[in-house]
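# Architecture and fold: a report
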Amino acid sequence: MNKRKIMVAGLICLDFTPTFPMDHVYDFYSVLQQGQVTHTKGLTVSLGGVVANTGLAIDRLGGKVSLVAKIGDDSLGDMLKQQLLDFGVGKQIITTNQAATSYSIVIAIPGYDRIFIHDVGANDYFTQNDLPYEQMQEVDIFHFGYPPSMRNFYCDNGENLSEMLKNVSQRGICTSLDLSMPDAGDESGSANWHQILKAALPYVDLFEPSIEELALCLDQKGYLQRKEY
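Definitions and cut-offs
- Residues numbered from 1 in each chain as written.
- Predicted model: local features only at pLDDT ≥ 70, side-chain atom pairs only at ≥ 80, totals over all residues.
- Heavy atoms only, no water.
- Helix = DSSP H or I, 4+ residues; strand = E, 2+ residues; numbered from the N terminus.
- Rg over C-alpha atoms; globule rule 2.2 N^0.38 Å.
- Buried < 20%, exposed > 50% of the residue type's maximum accessible area, 1.4 Å probe, protein only.
- Pairing = 2+ DSSP bridges.
- Axes fitted to C-alpha atoms, helices over the stretch in contact; angles between N-to-C directions.
- Salt bridge = Lys/Arg side-chain N within 4 Å of Asp/Glu carboxyl O.
- Core = buried A, V, L, I, M, F, W, Y, C linked by side-chain atoms within 4.5 Å.
- Contact = heavy atoms within 4.5 Å.
- Parallel < 35°, antiparallel > 145°, perpendicular 65-115°, else oblique.
- Left-handed = near helix turned anticlockwise from the far one by under 90°.
- Nonpolar A, V, L, I, M, F, W, Y, C, P; charged D, E, K, R; others polar.

## A short note on the overall build of the chain
- The helix and strand tally for the chain stands at eight helices and ten strands.
- Taking 229 residues into account, the globule formula puts the C-alpha radius of gyration at 17 Å, and the chain, at 19 Å, falls close to it.
- Seen through its principal axes, the chain has C-alpha atoms that stretch 55 × 45 × 35 Å.
- Of all 229 residues assigned to the chain, the portion counted as buried reaches 46%.

So this is what it looks like as structure tokens:
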């Protein structure tokens, strides 16, 4: 029986996570005081973003997967690409000199929810034209994420997003769309997500937002008010 081929495209980054000892009791606000040194024990460097998280999970489960994303022409990009190649995937990762490779600094203090300090980098320069459409005759499922974190997919009312999904769907491929949290304080948070989703969702078979992501997209004011309580 032939395995179905899954293409995962969208955001990719490197995650840098300092290790806080679990046997120590932390006060979150004292850890982040200005001018203070807080000691950690080690650093985890891992792949992040939908392309790595979902794509590598499919690969580890025995699926047939191809990955499509954009990284910078820099040392972080070399590190990211090597990690993908170590898994035997990542041959369709595109390198650009328009921006640096995306990264996140993950502050994971025991007892508290994580904080992500994120630079979207080259992800902002990924467009629908970066997809290898000529190779899609072998693809059965197309999974894309995260448009709220990729500028070309929320600007112009998401024209890039809807056109990409339309082009893929018309090839008879099952389409899957995942969201991320828009940043309420920047351009992605002020985008017209009602219009973006209205244009894109007719070409989506599987839609996987969290309730928080969907609430922030469709009712930002109400979501932020409820979050205060």
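## Some thoughts on the sheet that holds strand E6 (residues 103–107)
- With respect to topology, four strands assemble into an open sheet ordered E3-E2-E6-E7, the strand pairing being mixed. In this open sheet, the two strands that pair with only one neighbour each are strand E3 (43–48) and strand E7 (115–119). The average angle at which neighbouring strand axes cross in this sheet is 20 degrees, direction not considered.
- In this structure, strand E2 (residues 13–18) lies alongside E6, joined through three bridges in parallel fashion. Directly across from Asp15, in E6, lies its bridge partner Ser104.

## Regarding the pattern of salt bridges
- Applying the stated criterion across every chain, the model contains three salt bridges.
- Linking Lys70 and Asp130 is a salt bridge whose minimum nitrogen-to-oxygen distance equals 3.0 Å. In this pair, Lys70 sits in strand E4 (residues 64–72) while Asp130 sits in the loop between E7 and strand E8 (141–145), placing the two residues 60 residues apart along the sequence.
- A salt bridge links Arg151 to Glu187; the nearest nitrogen and oxygen atoms lie 2.9 Å apart. Of the two residues, Arg151 sits in the loop between E8 and helix H4 (159–169) while Glu187 sits in helix H5 (residues 187–190), which places them 36 residues apart along the sequence.
- Take Glu187: its relative accessible area is 36%, and that puts it in the partly exposed class.

## What about the nonpolar core?
- Grouped together as the largest cluster of nonpolar side chains are 50 residues, with contacts concentrated most on Leu84, Leu131, Met136, Phe142, Phe144, Leu161 and Met164.
- Elements that contribute at least two residues to this core include exactly strand E1 (5–10), E2, helix H2 (50–60), E4, helix H3 (75–86), E8, H4 and helix H6 (193–200).
- Beyond its immediate chain neighbours, meaning those up to four positions away, Leu161 contacts Phe144, Pro147, Phe153, Leu177, Ile196 and Ala200.
- Formed by six residues, the second largest nonpolar core is a distinct cluster that contains Tyr26, Phe28, Val31 and Ile107.

## A closer look at the packing of H4 against H6
- In the contact formed by H4 and H6, the axes pass within 8 Å of each other and the chain directions differ by 10 degrees. Taken as axis vectors, H4 and H6 run roughly parallel relative to one another. Relative to H6, the crossing made by H4 is right-handed. When H4 is examined against H6, the residues Leu161, Ser162 and Leu165 are found in contact with a partner set consisting of Ile196, Ala199 and Ala200.
- Partitioned by chemical class, the residues of the contact of H4 with H6 number five nonpolar, one polar and no charged.

Function cannot be inferred from these measures alone, as they are strictly geometric.
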